[in-house]
Amino acid sequence: MKLHQKTFIITGATSGMGRAIALEFAKEGANLILSGRDKIKGKILLKEIEEIGGQAEFLAGDVGDIQYNQQLVELAVKSFRQLDGLVTNAGMLGLGSVTELDPSDWDTTFRTNVDSVFFLLKFALPELLKRPAAAVVVNSSIAAYKSFPNHPAYCASKAALLALAKQMAVDYGPTVRINTICPGPVDTPFIHASAVAFPDPKKAVENAGKNTLLKRLGEPDDIAKLVLFLASEESSWITGSAFTIDGGILAAG
Ligand SMILES: NC(=O)c1ccc[n+]([C@@H]2O[C@H](COP(=O)([O-])OP(=O)(O)OC[C@H]3O[C@@H](n4cnc5c(N)ncnc54)[C@H](OP(=O)(O)O)[C@@H]3O)[C@@H](O)[C@H]2O)c1
């Protein structure tokens, strides 16, 4: 098992990619601290993890809240005595062009997508630095490279994550490896919410799959496999890197 006796915090675990990552990590023997706001979905996920023999705790809260991030780290140490890694995956869209977007929505998007990563790492790094091979995986997006209509706060926040992750890899190597993934269109509730910013949302989702070189949307499990690789010691010489996982949509232009 690739994550045997390792403890990870996964944010945005109640849905989509975070849920798939949680199940994949549990199958590989990890102990998990799961984060999300939806307590019902959190409870269902805990049951699924228990059924496959995994060990996990769920703590509901908003990743934009500083104290909540501290509590996640404290829970990891209290429940499993150690913290070996993080998957910072929670995110929001904050749709609207610059002229339409309320400054408070811009702030909330940055708070949720970027500040949350700073908060969690701030509390987690002292624990991660105690471990021999800690790994952090940050979920950005191809939106860090490619612009989408009415997504200014989203695109800017996801680009900020690339720089933040690379910078932290400099300060906390060689003990803590920190990498970023940049998914393309993945079939989760998020892509349907994002499509609302396009003139024909249904067509936008269809086209997102068709425009990849592999002619389909990504599945959450496609992403979970890459995150597992980056979190495990199979990627022990990789840090400060960003991995596009997008069915080739960026290459297609
Ligand atoms: N789907 C795509 O095409 C795509 C492509 C590239 C990147 N991404 C990125 O992938 C990540 C996961 O998205 P997904 O597609 O799996 O979407 P999803 O199914 O909608 O899941 C989003 C997750 O983020 C959590 N979340 C959102 N805001 C939160 C907050 N303020 N506090 C705590 N948790 C919060 C949600 O939890 P609750 O519902 O419990 O609050 C949920 O678990 C996001 O960062 C997104 O930007 C998605």
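Note that the coordinates shown come from a computational prediction; the quantities given were computed from them, not determined experimentally. (Residues numbered from 1 in each chain as written. Predicted model: local features only at pLDDT ≥ 70, side-chain atom pairs only at ≥ 80, totals over all residues. Heavy atoms only, no water.)

**Student:** Tell me about the environment of Val-227, residues and numbers included.
**Tutor:** Inspection of the secondary structure assignment puts Val-227 in helix α8 (residues 220-231). For the pair Val-227 and Val-136, spaced 91 residues apart in sequence, the C-alpha separation works out to 9.5 Å. Excluding anything up to four places from it in sequence, Val-227 contacts Ile-21, Phe-25, Val-87, Val-137 and Ile-181. (Helix = DSSP H or I, 4+ residues; strand = E, 2+ residues; numbered from the N terminus. Contact = heavy atoms within 4.5 Å.)

**Student:** If you had to explain unusual backbone geometry to someone new, which residues and values would you point to?
**Tutor:** With an omega dihedral of 0 degrees, the bond running from Gly-173 to Pro-174 counts as a cis peptide bond. For Arg-81, which is not glycine, the phi torsion reads 70 degrees and is therefore positive. Structurally, Arg-81 can be placed in the loop between α3 (66-80) and β4 (85-88). Its identity as a non-glycine residue notwithstanding, Asn-150 has a phi of 60 degrees, on the positive side. Within the secondary structure, Asn-150 sits in the loop between β5 (134-139) and α5 (152-172). With relative accessibility at 29%, the residue Asn-150 sits in the partly exposed group. (Buried < 20%, exposed > 50% of the residue type's maximum accessible area, 1.4 Å probe, protein only.)

**Student:** How would you sum up the pattern of salt bridges? Please name residues and give values.
**Tutor:** If you walk through the whole model with that rule in mind, you get 7 salt bridges. In this structure, the salt-bridge partner of Lys-47 is Glu-51, at a minimum N-O distance of 3.5 Å. Residue Lys-47 and its partner Glu-51 are located together in helix α2 (residues 39-51), separated by 4 residues, close to a single helical turn. Glu-51 carries the same exposure label as Lys-47, and that label is exposed. A salt bridge links Lys-130 to Glu-127, with the shortest nitrogen-to-oxygen separation between them at 3.0 Å. Its relative accessible area of 17% is what places Glu-127 among the buried residues. (Salt bridge = Lys/Arg side-chain N within 4 Å of Asp/Glu carboxyl O.)

**Student:** Can you explain the packing of α3 against helix α4 (residues 103-128)? Please cite residues and give values.
**Tutor:** In helix packing, the relevant descriptors are the interaxial angle and the interaxial distance, both defined with respect to the helix axes. Contact geometry for α3 and α4: axes closest at 9 Å, N-to-C directions at 40 degrees. The way α3 lies across α4 gives a crossing that is right-handed. Counted together, Ile-66, Asn-69, Gln-70, Leu-72, Val-73 and Val-77 of α3 and Arg-111, Ser-116, Phe-119, Leu-120, Phe-123, Ala-124 and Glu-127 of α4 form the full contact between these two elements. Considered class by class, the residues forming the contact of α3 with α4 number 8 nonpolar, 3 polar and 2 charged. (Axes fitted to C-alpha atoms, helices over the stretch in contact; angles between N-to-C directions. Left-handed = near helix turned anticlockwise from the far one by under 90°. Nonpolar A, V, L, I, M, F, W, Y, C, P; charged D, E, K, R; others polar.)

**Student:** Before we move on, could you go through the site of the ligand and cite the residues and values that matter?
**Tutor:** Around the ligand sit 29 residues in total, of which Thr-14, Ser-15, Arg-37, Tyr-154 and Thr-188 are the nearest. Between the ligand and Val-63, the relevant distance is 3.0 Å, taken from a nitrogen atom to a main-chain nitrogen or oxygen of the residue. When isolated, the ligand has an accessible area of 880 Å², and the protein chains bury 92% of it. Mapped onto the shell around the ligand, the elements with two or more residues apiece are α1 (16-27), α5 and α6 (189-195). For the shell around the ligand, the class distribution of residues is 11 nonpolar, 14 polar and 4 charged. (Near = heavy atom within 4 Å. Polar contact = N/O pair within 3.5 Å; in protein donor to acceptor, adjacent residues only side chain to side chain. Areas by Shrake-Rupley, 256 points an atom, 1.4 Å probe, with all protein chains shown as cover.)

**Student:** Describe the packing of α4 against α5, and please don't skip the residues or the numbers.
**Tutor:** For the pair α4 and α5, interaxial distance at closest approach is 8 Å and the crossing angle is 15 degrees. Classified by the interaxial angle, the pair formed by α4 and α5 is roughly parallel. For the pair α4 and α5, the crossing hand works out as right-handed. Residues Trp-106, Thr-109, Phe-110, Asn-113, Val-114, Val-117, Phe-118, Leu-121 and Leu-125 of α4 form the contact with α5, whose participating residues are Pro-152, Ala-153, Tyr-154, Ala-156, Ser-157, Lys-158, Ala-160, Leu-161, Leu-164, Met-168 and Tyr-172. Looking at the contact of α4 with α5, its residues break down into 16 nonpolar, 3 polar and 1 charged. (Parallel < 35°, antiparallel > 145°, perpendicular 65-115°, else oblique.)

**Student:** Which residues make up the sheet that holds strand β7 (residues 242-245), and what values do they have?
**Tutor:** If you trace the 7 strands from one edge of the open sheet to the other, you get β3-β2-β1-β4-β5-β6-β7, paired in parallel fashion. Two strands close off the open sheet at either side, each with one partner strand: β3 (55-60) and β7. Direction aside, neighbouring strands of the sheet carry axes that sit 15 degrees apart on average. Bridging between strand β1 (residues 7-10) and strand β2 (residues 31-36) involves 4 bridges; their strand directions are parallel. Residue pairing in the sheet places Thr-7 in a bridge with Asn-31 of β2. Each of β2 and β3 touches α2; the most contacted strand, β3, lies at about 175 degrees to it. (Pairing = 2+ DSSP bridges.)

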